[in-house]
Each structure stands twice: as C-alpha cells, then as structure tokens.
2 protein chains.
Amino acid sequence: MLEINPASIIQTKRDGKENSEAQIQWMIQSFIKGEVADYQITAWLMAIYFQGMTASETLALTKAMIQSGERYDLNQISGVKIDKHSTGGVGDKVSLILAPLAAACGLKVPMMSGRGLGFTGGTLDKLECISRFNVGLTYDLLMQVLHKVGFAMIGQSENIVPADKKLYALRDVTGTVECIPLIAASILSKKVAEGSDGLVFDVKVGSGAFMKTKEKAKTLAKTLIRLGKNLEINCRALLTQMEQPLGYAVGHSLELIECIEILKNEDHSKILGTLVTSGSGDLKELTIQLTAHMLELGKISRNLKEARQLAYKKLADGSAWKKFLAMVQEQGGSTDQVLNPKTLPLTQNTCVWKAKKAGFLSQMHTEVIGKILIELGGGRKKVTDTIDYRIGFIFHKKLGSRVGQDEPLTTVFLPDAINPQILDDLESYFHSALEITPQRKTSSKLILEVI
Amino acid sequence: MLEINPASIIQTKRDGKENSEAQIQWMIQSFIKGEVADYQITAWLMAIYFQGMTASETLALTKAMIQSGERYDLNQISGVKIDKHSTGGVGDKVSLILAPLAAACGLKVPMMSGRGLGFTGGTLDKLECISRFNVGLTYDLLMQVLHKVGFAMIGQSENIVPADKKLYALRDVTGTVECIPLIAASILSKKVAEGSDGLVFDVKVGSGAFMKTKEKAKTLAKTLIRLGKNLEINCRALLTQMEQPLGYAVGHSLELIECIEILKNEDHSKILGTLVTSGSGDLKELTIQLTAHMLELGKISRNLKEARQLAYKKLADGSAWKKFLAMVQEQGGSTDQVLNPKTLPLTQNTCVWKAKKAGFLSQMHTEVIGKILIELGGGRKKVTDTIDYRIGFIFHKKLGSRVGQDEPLTTVFLPDAINPQILDDLESYFHSALEITPQRKTSSKLILEVI
C-alpha cells in the first residue's frame, strides 16, 4: 500500500526519487486546506531545490496548483488568446507596448501581470502611475474589456492559483525562489488558469536578469516549453539579452512615458525635453520581435516576416496607441493624463551622475541599477512598501557608447529629501557597477535564441 | 554590514557556504523564542542535510543548543563523571548493566537515557517495567542518588536542551533525522548539559542499527569525537556490530531479566527456565569492553587490560548487582520485583517460530525484529502509544548457529489477543528477515574499531 504522508513524500524527494502525481496533488491540496504544515512544505521545497523535478513531477505540480483555484473560461471571447511572459529585467516595459500592439494586430491578449519583484519592476505598478487605473478587474469586467478593446492588463485575482501565492510567500523567505521547476510551475499555472491559448516567453539573460547565464536561462526556457506542451498550450521562448536597462528609462513614471512616446511614434524630446539623448531602439525592436512571435503563434500571420511587417505597420499607424488609450479608459484610468504625460507623477529634483573617465561603456552590472532605484524609494523592499513613482533614471549612454570624461551617464530623479551622504554612496555604487574601457566591446545580440 | 536574517542564513547554507557562529546562534535563539518561523528552520535543516556542516558550524550549533536550557553542575559530586551513549540497536540493553558496573568500579555515571525510537528500544522504558521506578528525578534528587550510589538512570529533563526537543520534533516529520552533524549536535548538547567529564560512544553498525554501513558509522563517530574535543569533553567511540539482536532477549521485561541474570552472575535458566538455550555472551562482552573504555578514559585504570580485569571482577563479585539494587531503591522502584524477576510483567501466551529448512543462520535483517515487536504492541508507533512490557522474543540461535529443519528459532511472547492472520503475516515477515544457508558464514567481530 502506498502510504501518503508528508514525511515520506519529503524523504522520497530528498533521496532523489520521483514523487508520484498522487503524492504531489495530495501535498498541494493539503497545503491549501492547511492540513500539511508550512514547515513540511518548505522542507519539501528545499529538497526539490537540490534534487530537481522530473517533467512529470513538474506537470503534476502545475496541475495541482491550477486546481487550487478558479480557471477563467475565455471561450466566449472570439479569436486567439495569446499572452507574453517576461522573467523580468531592469527597465523591462515591453508589456505596456506589446499588449496594445498585439491587440491592434488582431490577437486577444488577456494579460495578467505582476508587481515589482526584487530588483525588477512590475507592469501593474507602472500602470498605477495613471490616476484611478484599476488592475483588479472582476471576471465580468475583464470579459467586457477583452471584448471591447481586445486586451486587458490586470493583476492576478485572489481566486486564480491561490497555491502559487502561498507557495511563493514561503519560497521567498526560505531560499527556494531560484529553482527552475518551481519557477516554471508558478508561471504556467497562472497562464493556464487565465485561459490563454498560447504563450510567448521572454526569458532574460544577463546582469539585469534573474538568470545570469545563458545556460540557466536555456534550461528554464526548455522547461517552460516542455511543460507548456504537456499542458497542451502552444509555447515559444526567446532568450533575450538583459545586460543593460531596456530603453532609456528606469522608474515607474519615466518608463510609462517612454512607452507612450513609442506608442505615439513621437520624438521623445517632446515630453522629457532635452534630457533624453539616448534612444529606445532596443526596447522597440524587442517589442516588435516578441509581438511578431505572438502573431505567428496565433496564426494571425503566416510567417515571422509578415508578422513583423504587420506589427511595424500597426505601431506606425497609431492603431496600438488607440488600443492603449481605449484600455486605459475601460480600466478606469485617466486618459487625460496619458494624453498629457507631463501630468504623470514627476519631479524636478534631479541630479546628474557623470563619467569618471573617458572611454567606451563596456559593461553594466544592471541589477545594481534596480537596487539603487529601490534605495531611492522607487521600488519596494517589503510587499507593504509604497512606491514613489517619480523616482528613476534616464540613461544617456548604452553599452558600446563612447563616453567623455565628466559626460553625463544618467540623470537621476530624486525623492524630495535625501541625505547627501547616502546619495554619494549610491553614486559610488552606481560607478562601481559600470565598466568604461579604452576599447569598444561588441555587446551580445538582443535576441540570443528562439526555442 | 553582515545582515542577520533567516532567508539569507538559509541561502548561505543552501549555496554550500559556511554559516557564521553569530548566524547559527541567532537561528537557534530566535527559534526558541518563536521569532523565526518553523518553516524557515525546516528549510535550513534540509539545506544542512544536503550541504553538511563544517566542524565550526557543528560546534556553534551544539553550543547554541546547550545555551537554550539549563546546564547541570556536577562539581559537588566527587570523582570523574563518565557517561556512555549508544546510537541504538535491537536488544541493546548494555546501559542497564554498564552503569552499575562502572559505578562499582569507582566512576560516577550520571546516565541520561531516552525512550524507544523507531525500531530500537529505550532504556527508560525498560526500567519502567519495575513498579514505581522514577526516571524523572529533580536535580536535587539526582545529586542525592549520584552521591549515594555513584550512578543514576534518568530521562532528559524538560529544562535540558529544550532546543533539541523542538528541533527533533521538526526533523522527525521533515526527513532530516538522518543527518550526521545534526545527530552529533543533538547527542553532545545533551551530554554536555548533563555535566559529564567524558563520554564513550557505542556507534552501532549493521542491519539492526540506524547506520547500516561502517563508512557512515565511522563518519558519525569521527564527527562525535571531533565535536567532543571542541567542547572540551574527553571522548572515545567504538564501532560495534549490530547484525543481530544483542544477547538473547528483545522486549522490555525480557531484556531487563537478561540484564538481572548477568548482574547476578546467574545461570539464566533460573528465571525463564529451559526457554533460554542461547547465551548472552555478546552482550556481556560488549558491556565489559565499553565499561573498560570508560574506566580508562576516567583514569580509574592505567590501561585497557587492567580496566577489563577490574570490570570482570566487579561484575563477578556482585558489586555491580548491589549498585543496581541500590539505584532501584533510591529511584523509588520495587526491589522486591527486581529480586524476584518472575513478578515483572510477563505473559504465558507464547508461540514458537521454527526454521523452515536446515542449515546455518547466516544473516538477519535485524531492523525487522524491532518492527515486529512494535506491531505486537511491544514498542511505540506514536510517542503517545502505551508499551506492553510483556511482549518480546527469546532467540534460540545466533548468527553462525547450526539450525535443523523445524528447530525453534525464537519464542514469541504475545499479547493476550491477536488476530491469527496478522500473526501468520508477522511470522512470514520474520522468516523473510533471516537467511539460512548451507555453509556457515563467518560473522564480523563484535567490536569493529575503536576511534
């Protein structure tokens, strides 16, 4: 007789043997019901951290997590539902442009996003720079917005995969966040429960991503693809470079403004003036590529080339911008503010951090930039912290740029009051995160691989 | 600045780096105060299971555990205080003879024992076969008995190493019992807190022990010795064979009777009659050897040879038996019952399990015998279970014995009522645990190594 008890389930995993589907289902169900103790779950998760999970274990875990809550039925929404998920990076604001663009091209995008996590920002927080913007739509409202606009940008409802929230809260304080099968199950359980037909993963690699090496990122990408296949969801993964902030802006209002500029095909200087000296080329290019993969996956376009052309067209002709405005309107946000971005939370209290020497910008420890943002109040240390949307950076140089001595590297948008000593320390921390070399280094491609 | 927070302490260990003394102390202190969550402790313990602990980490853990409670001061007791600790085996009743014998030889033995654990029995449970025997002496009573008799046999007080009880309760249900640094810290924290000057470890190896291989047992022994040295306790470890039950008896009253017979230098047939056909040679030999190591460690004897001679003498001349009786008297037990062991809890309800074929008894999966004892009610499945002291086995054959077909292997002392089907199943389980071969196999030595 196979005994199902938590201690033996933990020991099985600890000893490198496979947990059965029944054992995994029992663990998750009992955890949700409060019948297995948190201290057993965390020991099990740590054993999983060390021993990994087979494809069938990861599938069983994901299914059990999905079953822990509601599953949205999007069948009444006509068309193909495709979503995108990014593993997170510094200045990664792609979703804000990609979702309206994909909708403008004919896809339905039920985009369920998260909040800032560690050194990376969150799409929901950026949207909440807009007054009255509501990320907590009910199912009925979500259906309404999807039906009317073709996309919606919402947070995870309390009823969707409650097991994920409970598991994540424990993983966060017990050193089991960085575990590929647990990451994959967390991502896919939510995406399946939200009702997507297909998914494009933006798996970021580099100094500003959670996966610092291509090898790890590739393992995650393959795990996601295999798990998606086993869940009968059409998936694709792009490994993309995250060695520097995407675009020129980091920080909530500034990133939203950068997106609005791209959506409006505007010269950026109109909003932030002469401050902006570096382009958003990488951001725009990555957004187009990811959108194109969604279009191909959703069979809107016959191939990637046509998909890219369609995406460029719908961005250039203002269709994406119109979609964005309609979404803001439907989700209760102030369209006035979006139409006049200078009214978004901004500050005049800025300073400039300048290069200590001349040369070429060769490397950035991008995670540090995310951490400085948090130190300045532009991110959260604890879930309960309030974000100052005004805080942020405008970068004047990209990797490979020539830099003169004392030339501005970044303009920093500061809180109203800051201790000068702390600001000095943060500037030193910033300089320690950059490498300026006599020779130009070729930086890696934006898209490293499609899986 | 070194930040002390549980998540980073767990991650440090998870990543195979060393936890500092301050971190470990903080973890244990906060755990006792309830300021760090059980679910963080269990994740940390699982990380320790996989990554191990360095000598300084194990030392820091042991010290922090000792500091969690009281530490007995035995300085007012004259003489050298030496204790013995066994890692546990089936039929291991050595303490009941060794403690009075060592005291008869001039040592002070503040013996703190445990209860039955898994498939192995506990000294305290065996003593409690004696009516009114009190294992829960207060500190003052303990001092009184030690002073008067030279040894005492008690359970762990609530105030001694409370961290161990709390940690063990969690380890037991999260798969982190079998972890050498945690085992070593648990053993030595209690022995140091009880105030011993020196310790002899009986580290058992084989089918009836927790350590099934010599390699693992040796690692544990070395860890114990090194940790003892770091705690400034004089230690020695013997790796001893546990491939078959020690002596002829398994079960609480029967084991106590076997010990009384040895202490009284009596022919065993006086108590249990013709049932006993196999000797207690291995039990007596191991007890003498362990006592001799204690005597040498405590400088009662100049060398092992003299120590052995002294131990043989004090056993043979009845001194050890007198000490045992005095201890029972002082700890409130019925000396009448000890003097007339037939009045101990016994049953007439027995059966005999006979050999299925002729040959030599070559191998025993000894753990199975402990498990059958528990199934019959002669041990605990849960901490709250009551033990039937009457249940047990008398073995008629030792490893290497010639066995005729249908010759009795063991006499089983049964509960008053037992389902015949269950009894049949248990008999089959018993036979499956024995190997009878055409050739005699040489069994390994009783004492494998002294470390």
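Here the structure is a predicted model, which means the values were calculated and not measured. (Residues numbered from 1 in each chain as written. Chains lettered and ligands numbered in written order. Predicted model: local features only at pLDDT ≥ 70, side-chain atom pairs only at ≥ 80, totals over all residues. Heavy atoms only, no water.)

Chemist: Quick rundown of the environment of Q421(B)? Include the residues and the values.
Modeler: Residues and elements named next belong to chain B. On the secondary structure map, Q421 appears in helix 18 (residues 420–432). A relative accessible area of 48% means that Q421 is categorised as partly exposed. In the structure, Q421 is positioned 295 residues away from K126 in sequence and 29 Å away in space, judged by C-alpha atoms. (Helix = DSSP H or I, 4+ residues; strand = E, 2+ residues; numbered from the N terminus. Buried < 20%, exposed > 50% of the residue type's maximum accessible area, 1.4 Å probe, protein only.)

Chemist: How would you sum up the relation of the copies chain A and chain B? Please name residues and give values.
Modeler: Note on the chain copies: they are related by a rotation about an axis and a translation along it. Each copy of the sequence occupies a distinct position, and chain A is placed on chain B by a rotation of 179 degrees and an axial shift of 0.1 Å, giving an RMSD of 0.1 Å. In short, the pair behaves as if placed about a two-fold rotation axis. Residues of chain A ranked by C-alpha distance from the rotation axis are headed by Y39(A), positioned 1.7 Å from it. Of the interface residues in chain A, 100% have counterparts in chain B that sit at the interface too, so the contact is made through matching surfaces. (Least-squares fit on C-alpha atoms with pLDDT ≥ 70 in both. Contact = heavy atoms within 4.5 Å.)

Chemist: Provide a residue-level description of the interface of chain A and chain B, including the pertinent values.
Modeler: Listed per partner, the contact involves 22 residues of chain A and 22 residues of chain B. On the chain A side of the interface with chain B, the three residues burying the most area are R14(A), Y39(A) and F50(A), jointly 36% of the side's total. Seen at the junction of chain A and chain B, the total is two salt bridges. A salt bridge links R14(A) to E178(B); the nearest nitrogen and oxygen atoms lie 2.9 Å apart. In this assembly, chain A and chain B are joined by eleven residue pairs in polar contact (both at pLDDT 80 or more). Of all the secondary-structure elements, those providing two or more residues to the side of chain A that touches chain B are helix 1 (6–14), helix 3 (38–51) and helix 8 (162–172) of chain A. (Buried area = accessible area lost by both parts, 1.4 Å probe. Salt bridge = Lys/Arg side-chain N within 4 Å of Asp/Glu carboxyl O. Polar contact = N/O pair within 3.5 Å; in protein donor to acceptor, adjacent residues only side chain to side chain.)

Chemist: Break down the environment of L339(A) for me, with residues and values.
Modeler: Residues and elements named next belong to chain A. Turning to its location among the elements, L339 is positioned in helix 16 (residues 335–339). Note on L339: relative accessible area 45%, which makes it partly exposed. Separated by 14 residues in the primary sequence, L339 and L325 have C-alpha atoms spaced 8.4 Å apart. In this view, L339 contacts K264, W321 and L325; residues no more than four positions away in its chain are not counted.

Chemist: For the pairing of strand 7 (residues 350–354) of chain B, give the residues involved together with the corresponding values.
Modeler: Residue and element names in this part refer to chain B. Of the two faces of strand 7, only the one carrying C351 and W353 is buried; T350, V352 and K354 on the other face are not. With five bridges connecting them, strand 7 and strand 11 (residues 408–413) associate as antiparallel partners. Each bridged residue has a counterpart across the sheet, and for T350 the counterpart in strand 11 is F413. (Pairing = 2+ DSSP bridges.)

Chemist: With reference to specific residues and values, describe the sheet that holds strand 7 of chain B.
Modeler: Through backbone hydrogen bonds, the strands of a sheet pair up, either in parallel or in antiparallel fashion. Residue and element names in this part refer to chain B. Spatial ordering of the open sheet is given by 6-9-11-7, a layout of four strands whose pairing is antiparallel. Every interior strand has two partners, whereas the edge strands, strand 6 (249–250) and strand 7, have only one. On the sheet, helix 17 (residues 366–375) packs against strand 6, strand 7 and strand 9 (392–395) and is oriented at approximately 140 degrees with respect to strand 9. Against the sheet, helix 18 makes contact with strand 7, strand 9 and strand 11, and its axis sits at roughly 40 degrees relative to strand 7, the strand it touches most. (Axes fitted to C-alpha atoms, helices over the stretch in contact; angles between N-to-C directions.)

Chemist: Explain the packing of aromatic side chains to me, using residue names and the numbers behind them.
Modeler: Per the counting criterion, the structure on display carries 17 aromatic pairs over all chains. Their ring planes at 75 degrees and their centres at 5.4 Å tell us that Y49(A) and F50(A) sit as a pair that is edge-to-face. On the basis of relative accessible area, F50(A) is assigned to the partly exposed category, the value being 24%. Ring geometry for F50(A) versus F50(B): centroids 4.4 Å apart, planes at 10 degrees, classification stacked. (Phe/Tyr/Trp six-rings, centres within 6.5 Å; stacked < 30°, edge-to-face > 60°.)

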